[in-house]
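Breakdown of the fold
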Amino acid sequence: MTTKISLIILKTGATSGKEISQLVESITWSGRRGSPTRTLKFTLLDDDGYKHARSEIDIESGYHCIFSYNGTELFRGMIMRQTASYKKTADYIAYDMGIYLSNNKDTFVYENKTATDVFKDVCSRFGIPVGSAAQTTYSIPDLTKKKTTGWDAIEDALSLDYENTGAKHYVYSEGGKLYLKKRLENVKQWVLETGVNISTYQYMKSIEDIKTRIKLLSSEGTVLAQAQDDSLEAKIGTFQDIDTPDESLTTAQITALAKSLLEEKSTPERTLTLNKVLGLPDVISGVGVFINIPHLDLNKTFYVDEDTHTFEGELHTMSLTLNLVSETSTDTSSSSSSSNTSNKTYKVGDVVQFNGGKHYVSSTASSPASTNLAAGPAKITYTAKGAAHPWHLVHTDSQTRVYGWVDDGTFS
């Protein structure tokens, strides 16, 4: 079994566990937007054999597992289903800490609380450890949820916050704790492109749910603000949506909200499906990646809505469903995108002289993918302003093999 994969099982409350990587036939790690839970499915040998024994997992005794890849922990959760077969293999399904949000019900009543307050309260009720929680700004006047799941309460709170601020947040599990994070903070700027790490793809565009007008009404039906896209209506006609915002918002805030909602809802749905591309452990639901498919004229940031990572021996592949980012300012496909390094302004499309050294697989990576790269000419293909490694370079000849994200001051 490859040493890249580590699978450890341990009983509830135990501080150490049993390494069973030698029994692993395959592992599938997956998640989707709108769910607080990521899932780990794995198949184990279930027969005594040379240099290995059976796992002896019994889910009724309370077993947890920790899955790591290349020394980095990707999943920690409870094993909740097991299936044995005549093939002398056993299949298991484990869920991370988000399962406690989905599988606990109560009645929730909040007044003048933020979505952050709701998230922390739900976790506290059910004894769920919290790592950190982004501070949401909208104070929800009233939120009452009877006999429902903790996740339903949190999801409604996050939805109300988004409707009134335009900011998106999501919940995720890491290291046995739950976190609340602002979505835009997680645009990793991985680059996926045909000819490099994309082989098969399917791209769908739909205007079935598009809106050309947004009207915000008071509780009495008075129009508080409205926005419309005249150029779009000239092409497809009128499609209007109405909503009732929190009337504690100022006139300027309500006007801005109408414009924000129109910007989102006037954008066609664009869904990209990628099958069995080269696996990247950081590319999971909620993360933004940069897609480059010249055939479709795609050169944009997309969010991952669903991901399935499969590990078999030395091979790690992933299948993704992605949707086009509408609220981010990090798209850099325009040739006018520019920034300044070493007192000179550069932009996407410029050919520069790479000084040699390191490059990274993403703009936020903590360690380099390669070091001691030779110097040579390269083209700036993308930028990620404010990131740790804000420039994506691709070599233009064989002098250098740079193909990744680099730091300010590494080229001229």
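Just so it is clear, the model here is predicted, and its values are computed rather than measured. (Residues numbered from 1 in each chain as written. Predicted model: local features only at pLDDT ≥ 70, side-chain atom pairs only at ≥ 80, totals over all residues. Heavy atoms only, no water.)

Some points on the overall build of the protein
Let me state the cut-off plainly: Put simply, DSSP H or I for four residues or longer makes a helix, DSSP E for two residues or longer makes a strand, and each gets a number counted from the N terminus. The atom set for the radius of gyration is the C-alpha atoms, and the globule formula is 2.2 Å times the number of residues raised to the power 0.38. Residue contacts are counted whenever heavy atoms from the two residues lie within 4.5 Å of one another. Here, Shrake-Rupley sampling with a 1.4 Å probe gives the accessible areas, and only protein chains in the shown set may cover a residue. When charges are counted, Lys and Arg contribute as positive and Asp and Glu as negative, whereas His and the chain ends are disregarded. In plain terms, the charge of a residue is placed at NZ if it is Lys, CZ if Arg, CG if Asp and CD if Glu.
Across its full length, the protein carries five helices and 29 strands. For the protein, whose C-alpha radius of gyration is 24 Å, the value lies close to the compact-globule estimate of 22 Å for 412 residues. Seen through its principal axes, the protein has C-alpha atoms that stretch 75 × 65 × 35 Å. Across the protein, the fraction of contacts at a sequence separation of at least 24, relative to all contacts at a separation of at least 6, is 61%. Surface exposure of the protein reaches about 20,600 Å², of which carbon and sulfur atoms provide 46%. Computing the positive centroid from 42 side-chain charges and the negative centroid from 50, the protein places the two 3 Å apart.

Some thoughts on the environment of E111
Using the following cut-off: The classification of residues rests on relative accessible area computed with a 1.4 Å probe and restricted to protein chains. Under 20% of the type maximum is buried, over 50% is exposed, and intermediate values are partly exposed.
Considering the arrangement of structural elements, one finds E111 in strand β8 (residues 105–113). Judged by its relative accessible area of 55%, E111 is exposed. Along the backbone, E111 and S139 are 28 residues apart, and their C-alpha atoms lie at a distance of 8.4 Å. Those residues in contact with E111 that sit more than four places away from it in its chain are I140, P141 and D142.

Side note on the sheet that holds strand β9 (residues 130–133)
Put simply, the rule is: DSSP bridges decide pairing: two strands pair if at least two such bridges lie between them. Between N-to-C directions, angles span 0 to 180 degrees; the directions come from axes that are lines fitted to C-alpha atoms, helices contributing only their stretch in contact.
Pairing is mixed across the open sheet formed by three strands, whose spatial order is β9-β12-β11. Unpaired on one side and paired on the other, β9 and β11 (169–174) mark the two borders of the sheet. Strand after strand, the sheet turns through a mean of 20° between neighbouring axes, direction not considered. Across six bridges, the pairing between β11 and strand β12 (residues 177–182) is antiparallel. Across the sheet, residue V171 finds its bridge partner in β12, namely L180. In the packing of helix α2 (residues 115–125) onto the sheet, contacts are made with β9, β11 and β12, and the angle to β9 comes to roughly 175°. Helix-sheet contacts for helix α3 (residues 150–165) involve β11 and β12, and the interaxial angle to β11 is about 140°.

Considerations on the pattern of salt bridges
Put simply, the test is: A pairing counts as a salt bridge when a side-chain nitrogen of Lys or Arg comes within 4 Å of a carboxyl oxygen of Asp or Glu.
Taken as a whole and judged by the stated rule, the model has twelve salt bridges. One salt bridge connects R76 with E73, and the closest N-O pair in it is separated by 2.8 Å. According to the relative accessible area criterion, E73 is partly exposed, its value standing at 30%. In this structure, K145 and D156 form a salt bridge, with 2.6 Å as the shortest nitrogen-oxygen distance. Residue K145 is found in strand β10 (residues 140–149), and its partner D156 is found in helix α3; the two are separated by eleven residues along the sequence. Here the residues in one salt-bridge network are D106, D121 and R125, joined through shared partners.

Some points on the packing of α2 against α3
Heads up, the condition is: Oblique is the label for every angle not falling under 35 degrees (roughly parallel), over 145 degrees (roughly antiparallel), or within 65 to 115 degrees (roughly perpendicular). Here the nonpolar group is Ala, Val, Leu, Ile, Met, Phe, Trp, Tyr, Cys and Pro; Asp, Glu, Lys and Arg are the charged ones; every other residue, Gly included, is treated as polar.
Taken N-terminus to C-terminus, the directions of α2 and α3 make an angle of 170°; their axes are 9 Å apart at the nearest point. By the angle between their directions, the pair α2 and α3 is classed as roughly antiparallel. Taking contact as the criterion, the partners of A115, V118, F119 and V122 in α2 are, on α3, G150, A153, I154, A157, L158 and D161. Its residues placed into classes, the contact of α2 with α3 shows eight nonpolar, one polar and one charged.

Examining the layout of surface pockets
Unoccupied space between atoms shows up once a probe the size of one water molecule is rolled over them. Heads up, the rule is: Space inside and on the surface of the protein is sampled on a 1 Å grid over the protein atoms alone, with a cavity defined as a set of points where a 1.4 Å probe fits but cannot get out and a pocket as an open set with protein on both sides within 12 Å along at least 5 of 7 lines; lining residues have an atom within 4 Å of a point. Grid points are joined across faces, edges and corners, and a volume is the space filled by probe spheres set on the points.
Its volume calculated, the second largest pocket comes out at about 280 Å³. Forming the walls of the second largest pocket are 17 residues, and the residues nearest its centre are G13, H64, R76, M97 and G176. Counting only elements with at least two residues in the lining of the second largest pocket, the list comes to β1 (5–11), β5 (63–69) and β6 (72–84). Taken together, the residues that form the lining of the second largest pocket break down as eight nonpolar, seven polar and two charged.

Things to note about the packing of aromatic side chains
To keep things clear, this is the line we draw: Two rings from Phe, Tyr or Trp (for Trp, the six-membered ring) form a pair when their centres are within 6.5 Å of each other. A pair whose planes differ by under 30 degrees is stacked, one over 60 is edge-to-face, and the rest are tilted.
The tally for this structure, following the rule as stated, stands at ten aromatic pairs. The interplanar angle of 55° and the centroid separation of 5.0 Å between the aromatic rings of Y69 and F311 together place this pair among those described as tilted. Remark: F311 occurs in strand β20 (residues 298–312) and Y69 occurs in strand β5; sequence separation between them is 242 residues. Each member of the pair, Y69 as well as F311, carries the same accessibility label: buried. Both rings, one in Y346 and one in W391, keep their centres 6.3 Å apart while their planes meet at 85°; by these two values the pair is edge-to-face.

Digging into the nonpolar core
Rules: Throughout, nonpolar core names a set of buried Ala, Val, Leu, Ile, Met, Phe, Trp, Tyr and Cys residues whose side chains join them through atoms within 4.5 Å.
Residues L7, L40, F42, L44, C65, F67 and I79 are the most contacted members of the largest nonpolar core, which totals 23 residues. Residue assignment for this core shows that the elements contributing at least two residues are β1, β3 (24–32), β4 (39–45), β5, β6 and β7 (89–95). Setting aside its immediate chain neighbours within four residues, L40 contacts L7, I27, T28, W29, C65, F67, F75, Y92, I93 and A94. In this structure, L101, A153, I154 and A157 belong to the second largest nonpolar core, which totals 21 residues.

Examining α2
Where we set the bar: It is the directions from the helix axis to the C-beta atoms that the arc portrays.
Turning to α2, its buried residues number three or more, namely A115, T116, V118, F119, V122 and C123. For α2, the angular spread of buried residues about the axis comes to 165°, placing them on one side. With its phi angle positive at about 65°, G127 sits one or two positions after the end of α2.

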